[in-house]
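# Coordinate analysis (summary)
What follows is the residue order along each chain.
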Amino acid sequence: MQTNEMIETVATLLKDRSLDGWEVAAATSRLLSIEVKEQKVDTFKCSAPGGVSIRVLRNGGMGFSYSTSMEPADLARMVENALVGAGAQTPDEHHAFPEPRPGSEIPGLYDEGLASVPEAEKVERAMALERLVMAADPRVKRVRKCSFGESTVETRIVNSRGVDATCRGTSVSASVSAIAEESGNSQMGWDFDFANRFADLSVDRIATRAVAKAVGLLGAAKIPTMRCPAVLDNYVATEILEVLASAFLAESVQKGKSLLAGKKGERIISPLLRIRDDGTLPGGMGTAPFDSEGVPKQNTILVEDGVLRGYLYDTLRARKDGVESTGNASRGGIKSPPHMGVSNLFIENGSVPLDDLMAGIGRGILLTDVMGMHTANPISGDFSVGAAGFLIEEGRVTVPVKGIAIAGNILELFRGVEGVGNDLRLYGTVGAPSLRIAALDVSGE
């Protein structure tokens, strides 16, 4: 059953119900996942999940239910379950469905030709990635995992206030984990890429970056504990920003679980930094014309010249603060109700090449990997994690280092930014350029 038919069928069931409002969301999809190993297909999975979900508002309570079956009895049961849920919820006067708002088309989200690309060609794309990695450097001994994935999704959201939003999108991705060995030492390098169109997915770029990471840290040594200038490459900067991401969500702020609560209008980080969440960013993994409530996605400035300008909102949280939604309702699939999330959250690109960020550093550290950043405290911003990278001496990289740890506070770290690189990259829905930090505590031997 297509999304339009799903919507119409369920909307008919809701017509005669005594409700204060309703929403129907339907989605169909096709997912493909391929893994290869030693030039043979190790895993091949193809599925076409789909379904419909509803939210109903009655007396201030919001009920949710879903169905992956379009049988009349199952749909009727879904409606009844949502009504029961609405009655069981604590009433909240701020519960509501959004009204229609003007949006704009976002080109390039759908690859018309993806469905006609032979599956053998998609398998070959993964095998080509594995071959490129193995041929790039004799120190690369094996590939742990090499994969290709794609998705085609059609979504439609309709509510009782007049919202009617439809979107079709495609995505393709590939990733690889390379293992390099030398003199008894082993290191792994991982990389991936994402695109909306099959033709735009570059396995050459993925292979080059993964191999560079694997062989770069071979022979890494330990260093003494020191407090020194540091350069975070774009991956490490992104990992740290990702911990801060939830602090920009109005839900976290209103629940007292954000270290940014009450700081609107204050300078919270270095004036060199600007942070935005752009749901309309061309080529972004979180790009779409509308969010999970049918509200048009926006380009929202969160931090401007180090000053916190605002937060991200869905409909419920916006009504609590008396503002408009920023289009940041998200959901993991048809089986879950909308919740708050970022679209494409990133630190704006700077103008300084990575090599120039290291200029003038007598002795410091270039960090290229962190381990356990998910253990950082998103409420206080404190972190203490393992790390690896390279020693910087007299403005240039000298030797790889491992077995180190870094500790501090995320806001204090970002306050110490004194240089912003020109190499912005999004890793999923969060991204950053390389950053130079004035001083960082690095624990070694």
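Residues numbered from 1 in each chain as written. Predicted model: local features only at pLDDT ≥ 70, side-chain atom pairs only at ≥ 80, totals over all residues. Heavy atoms only, no water.

## Observations regarding unusual backbone geometry
Stated precisely, the cut-off is as follows: A run of H or I in DSSP becomes a helix once it reaches four residues, and a run of E becomes a strand once it reaches two; helices and strands are each numbered from the N terminus.
Non-glycine residue Q39 carries a positive phi angle of around 65°. Here Q39 is to be found in the loop between β1 (21-37) and β2 (40-47). The phi dihedral of N59 falls on the positive side, at around 55°, and the residue is not glycine. For N59, the position within the fold is in the loop between β3 (50-58) and β4 (61-67).

## As for the packing of aromatic side chains
Rules: For this analysis, a ring pair means two rings from Phe, Tyr or Trp (six-membered ring only for Trp) whose centres lie within 6.5 Å, classed as stacked if their planes differ by under 30 degrees, edge-to-face if by over 60, and tilted for the remaining angles. The buried label applies to any residue whose accessible area, calculated with a 1.4 Å probe on protein chains only, is under 20% of its type's maximum; exposed applies above 50%, and partly exposed to all values in between. Here, a charge over a ring is recorded when the distance from Lys NZ or Arg CZ to the ring centre is within 6 Å and its angle to the ring normal is within 35 degrees.
Evaluated as defined, the whole model comprises four aromatic pairs. A ring pair is formed by F64 and Y66, whose centres lie 6.5 Å apart and whose planes are at 35°; its orientation type is tilted. Using a relative accessible area of 23% as the deciding quantity, one classes F64 as partly exposed. Ring centres of F148 and F198 lie 6.0 Å apart, and the angle between their planes is 75°; on these two criteria the pair is classed as edge-to-face. Placement of the pair is F148 in strand β5 (residues 140-159) and F198 in the loop between β7 (185-195) and α4 (203-216), with a sequence separation of 50 residues. Residue classification places F148 among the buried positions, given a relative accessible area of 2%. The side chain of K213 reaches across the aromatic face of Y235, ending 5.8 Å from its centre.

## Details of the environment of L13
Just so we agree on the cut-off: By definition in these notes, contact holds between two residues if any of their heavy atoms fall within 4.5 Å.
Mapped onto the elements, L13 comes out in helix α1 (residues 3-14). Take L13: its relative accessible area is 32%, and that puts it in the partly exposed class. In this structure the C-alpha to C-alpha distance between L13 and A76, which are 63 residues apart in sequence, comes to 7.2 Å. The residues touching L13, leaving out its near neighbours within four places in the chain, are L75, A76 and V79.

## What to know about the nonpolar core
As a reminder of what qualifies: For this analysis, a nonpolar core means a set of buried residues of the types Ala, Val, Leu, Ile, Met, Phe, Trp, Tyr and Cys, connected via side-chain atoms within 4.5 Å.
Ranked by size, the top nonpolar core spans 61 residues in total, and within it F248 and F414 carry the most contacts. Dropping the residues within four chain positions of it, F248 is found in contact with L260, I275, L302, V303, L308, G310, Y311, L312 and L345.

## Examining the pattern of salt bridges
If the charged atoms of two oppositely charged side chains come close together, the side chains can form a pair. The condition that has to hold: Here, a salt bridge means any side-chain nitrogen of Lys or Arg that lies within 4 Å of a carboxyl oxygen of Asp or Glu.
Using the criterion set out here, one finds 33 salt bridges in the structure. For D193, the salt bridge goes to R209, with nearest N and O atoms at 4.0 Å. Note that D193 is positioned in strand β7 and R209 in helix α4, a separation of 16 residues in sequence. The exposure class assigned to D193 is buried, which follows from its relative accessible area of 13%. Note that E251 and K255 form a salt bridge whose closest N and O atoms lie 2.9 Å from each other.

## A word on the sheet that holds strand β9 (residues 275-278)
Strand pairs in the sheet, formed through backbone hydrogen bonds, run parallel or antiparallel to each other. The following threshold applies: Note on pairing: two strands pair once DSSP finds at least 2 bridges between them. Note on definitions: angles span 0 to 180 degrees between N-to-C directions of axes, and those axes are lines fitted to C-alpha atoms, for helices only across the stretch in contact.
Pairing within the open sheet is mixed, and its six strands lie in the order β11-β10-β9-β14-β20-β19. Sheet topology places β11 (307-308) and β19 (425-427) at the edges, where each strand pairs with a single neighbour. Across four bridges, the pairing between β9 and strand β10 (residues 299-304) is antiparallel. Across the sheet, the residue bridging to D278 is N299, located in β10. Packing of helix α5 (residues 234-245) onto the sheet brings it into contact with β9, β14 (345-347), β19 and β20 (430-432), and relative to β20 it is tilted by some 130°.

## Details of the pairing of β7
Each regular strand shows side chains that alternate between the opposite faces of the sheet. Of all 11 residues making up β7, eight are buried, and the element is well covered by its neighbours. Note: strand β6 (residues 164-182) against β7, 11 bridges, orientation antiparallel. Across the sheet, A180 pairs through a bridge with Q187, a residue of β7. Linkage of β6 to β7, two consecutive antiparallel strands, is achieved through a turn of two residues, within which S183 is found at a positive phi near 50°.

## With respect to the environment of A329
In this fold, A329 is placed in strand β12 (residues 329-330). A329 gets classed as buried once you look at its relative accessible area, which sits at 4%. Sequence-wise, A329 and H339 are 10 residues apart; in three dimensions their C-alpha atoms are separated by 5.5 Å.

## Concerning the side chain of N196
Among the secondary structure elements, N196 is positioned in the loop between β7 and α4. Discounting residues that sit within four places of it in the chain, N196 has contacts with G108, L109, D111, T170, S171 and G283.

## A look at the packing of α1 against helix α2 (residues 72-88)
Here is the rule we go by: Under this scheme an angle from 65 to 115 degrees is roughly perpendicular, one under 35 degrees roughly parallel, and one over 145 degrees roughly antiparallel; angles in between are oblique. For any pair of crossing helices, the crossing counts as left-handed if the nearer helix is rotated counterclockwise from the farther one by less than a right angle, and right-handed if it is rotated clockwise. Following the grouping adopted for this structure description, the nonpolar residues are Ala, Val, Leu, Ile, Met, Phe, Trp, Tyr, Cys and Pro, the charged ones are Asp, Glu, Lys and Arg, and the polar ones are all others, Gly among them.
Their axes nearest at 10 Å, the elements α1 and α2 cross at an angle of 55°. When the interaxial angle is binned, α1 and α2 end up oblique. The element α1 and its partner α2 pack so that their crossing is right-handed. Contacts between α1 and α2 involve T9, V10, L13 and L14 from the first element and L75, A76, M78 and V79 from the second. By residue class, the composition of the contact of α1 with α2 is seven nonpolar, one polar and no charged.

## Description of the environment of R274
Put simply, the test is: Polar contact is defined as a pair of N or O atoms within 3.5 Å, subject to the rule that within protein one atom must be able to donate a hydrogen and the other to accept it, and that residues adjacent in sequence are counted only when both atoms are side-chain atoms.
Along the polypeptide, R274 turns up in the loop between α6 (250-254) and β9. For the pair R274 and T28, spaced 246 residues apart in sequence, the C-alpha to C-alpha distance is 37 Å. For R274, the contacting residues outside a window of four places in its chain are I301, V303, E304, D305, F346, I347 and E348. A polar atom in the side chain of R274 sits 3.3 Å from the side chain of E304.

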